[in-house]
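Understanding the architecture of this molecule
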Amino acid sequence: MNWLRKVAFEECAVTANKTGLVGAPCSSEEGTACSNSPELARKPHGVASGSCGTAREVPPSEEHGACGSIPVLLAPMAGVNDIAFRQLSLELGCDITYTEMVSSKALSFANEKTRHLLDRAPNERRVAVQLFGHEPDTMAREAAWIESEMGDALAYIDINMGCPARKIVKKGDGSALMTTPELAAEIVRKVSAAVEHPTTVKFRKGYAAGEDIAVDFARRMEDAGAAAVAVHGRTAAQFYSGCADWDVIARVKAAVEVPVIGNGDVTGGKEACALVAQTGCDAVMIGRGAQGNPWVFEQVRAALNGEAAPALPTPERRVAMAHRHAEILSKRIGNNLVYMRKHVMWYLRGIPGASKARGELNQCVTLDDFDRVLEQLLVDAARIEAEEERYLAC
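Here we summarise the structure given alongside this text. Worth saying up front: this structure is predicted, and the values here are computed from it rather than measured. Along each chain, residues carry numbers from 1 onward, in the same order as the chain's sequence is written. For a predicted model such as this one, the threshold for reporting local features is a pLDDT of at least 70, and the threshold for listing and counting side-chain atom pairs is 80 or more; totals across whole chains, interfaces and linings nevertheless cover every residue. Values reported for side chains reflect all heavy atoms of the structure, with hydrogen atoms and water molecules removed beforehand.

Some remarks on the side chain of His 197
To keep things clear, this is the line we draw: Labels follow the DSSP assignment, with helices taken as runs of H or I lasting at least four residues and strands as runs of E lasting at least two, numbered in each case from the N terminus. Pairing of N or O atoms within 3.5 Å defines a polar contact, subject to two protein rules: one partner must be a possible hydrogen donor and the other a possible acceptor, and residues neighboring in sequence count only if both atoms are side-chain atoms.
Following the sequence through the fold, His 197 ends up in the loop between α7 (181-194) and β7 (199-206). At a separation of 3.2 Å, a polar atom in the side chain of His 197 contacts the main-chain carbonyl oxygen of Leu 154.

A word on a negative patch on the surface
Let me state the cut-off plainly: Distance thresholds for patches are 9 Å for like charges and 5 Å for nonpolar side chains (Val, Leu, Ile, Met, Phe, Trp, Tyr), applied to residues having over 30% relative accessible area and no salt bridge. Each accessible area is a Shrake-Rupley estimate made with a 1.4 Å probe; only the visible protein chains count as cover when residues are assessed. A side-chain nitrogen of Lys or Arg and a carboxyl oxygen of Asp or Glu constitute a salt bridge if their distance falls within 4 Å. Counted as positive: Lys and Arg. Counted as negative: Asp and Glu, with His and the chain ends omitted from the count. Working definition for charges: the position is that of NZ of Lys, CZ of Arg, CG of Asp or CD of Glu.
Together, Glu 316, Glu 385, Glu 388 and Glu 389 make up a negatively charged patch on the protein surface. Counting residues per element, the negative patch draws most heavily on helix α15 (residues 367-393), which supplies 3 residues. Residue position: Glu 388 is located in helix α15.

Focus: the pairing of strand β10 (residues 283-286)
Where we set the bar: Per-residue accessibility, obtained with a 1.4 Å probe over protein chains only, is compared with the maximum for each type, and a residue is labelled buried under 20%, exposed over 50%, and partly exposed between these values. The pairing criterion is simple: DSSP has to find at least two bridges between the two strands. Here is how to tell: hold the view so the strands point away, follow the path from the first strand over the helix to the second, and if it runs clockwise the crossover is right-handed.
Neither face of β10 is open: one carries Ala 283 and Met 285, the other Val 284 and Ile 286, and all of them are buried. Note: strand β3 (residues 72-74) against β10, 3 bridges, orientation parallel. Bridge pairing links Leu 73 to Met 285 in β10. Bridge analysis of strand β9 (residues 260-263) against β10 gives 3 bridges, and the strand direction is parallel. The partner of Gly 262 across the bridge, within β10, is Val 284. Assessed by its sense of winding, the connection that carries the chain from β9 through helix α10 (residues 269-279) to β10 is right-handed.

Things to note about α7
Stated precisely, the cut-off is as follows: A helix is expected to span 1.5 Å multiplied by its residue count minus one. Residue contacts are defined here by distance: any two heavy atoms, one from each residue, within 4.5 Å place the two residues in contact.
With 14 residues, α7 extends 20 Å between its outermost C-alpha atoms, agreeing within 8% with the 20 Å of an ideal straight helix rising 1.5 Å per residue. On its buried face, α7 is in contact with α5 (136-150), β6 (154-161), β7 and α8 (214-224).

Digging into the side chain of Ser 330
By the element assignment, Ser 330 lies in helix α12 (residues 315-333). The class for Ser 330 is buried, based on a relative accessible area of 16%. Among the polar contacts made by the side chain of Ser 330, one reaches the main-chain carbonyl oxygen of Glu 327 at a distance of 2.7 Å. Non-local contacts of Ser 330, meaning those with residues more than four positions away in its chain, are made with Asn 335, Leu 337 and Leu 367.

In structure tokens:
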């Protein structure tokens with residue numbers, strides 16, 4: 001069993017021993033050895049429709065059990081992964097959460113706003129912290145500080161080399177590091193040498209349109225000391241358009257010894273099983289598919305375990321979750337909840353009348369404001385559904 005699964009399922013303490021991280025044996029609390037998981041078959045078995053509309057291979061239900069020990073991760077997303085969202089994701093089956101990406105430069109200036117990003121949710125035993133930057137010494141120093149502050153609450157340090165946002169890339173951070181692989185490798189060397197916890201790297205298929213350099217880049221990161229790599233199957237130039245190329249994840253998996261985390265176009269259980277079957281990845285990472293939909297984690301977990309899919313959330317459950325998210329945040333940051341507008345809109349996708357409510361949501365500030373709109377939306381949704389039923393009955 002590799003170290004990433006041990007962290008995800010908390011079967012063993014994080015030892016931070018740099019030797020033997022991959023496939024190393026360990027002891028459980030009862031003193032018995034952790035067992036190795038069966039290898040995943042990569043042959044095609046079926047088809048599912050991916051989020052981008054293309055066919056995806058899916059193993060049959062009787063083989064899903066082989067995927068049961070695959071960790072399911074919440075991708076690091078700036079402006080999305082607040083404490084409340086991470087708490088809800090864990091409650092619904094997520095195995096490892098990530099902070100929003102944290103600026104190593106801002107940390108070096110003792111920026112309190114940035115340091116608050118390291119706070120943990122009540123149910124967050126461990127959390128992965130994603131750092132971004134391009135200065136090896138600064139990143140190493142701040143990674144060591146994070147480790148000293150968080151101790152065992154730190155799952156591992158992840159280095160962002162995949163963010164395509166222009167304000168990040170223009171400074172040489174994020175996916176821009178894929179254009180300077182020597183610098184990227186130096187960052188990994190210095191960070192991994194500065195901390196005892198594992199250091200991982202998240203990157204993309206390539207930087208420029210049509211570029212396919214992930215395999216070589218992954219090997220460089222592994223050689224520099226990365227304990228795992230997460231691969232998003234799009235180039236930075238694509239941002240989130242088109243379809244994620246899962247084949248590049250499979251090629252990275254075949255090229256390196258460290259665990260490989262697959263990322264891109266996972267919006268449900270079928271897609272997660274297809275990603276694992278096609279790539280043999282060691283973990284599934286979900287990003288945009290979780291926005292306003294933390295239930296995706298229970299859907300994916302059930303599919304990977306070969307269990308029946310849980311019922312999709314009703315409008316009432318979606319509204320209740322939006323309220324709870326806002327309520328948790330209000331207790332932490334006060335009653336100015338402008339930030340919650342986008343989250344609430346995500347929760348309400350597909351509910352009859354949600355598009356009409358969007359304008360009112362854009363005016364909401366307090367928890368009471370949101371509750372008023374949410375309550376009216378449920379009334380409107382029930383009315384719209386009743387009218388549709390009467391129409392269909394005619």
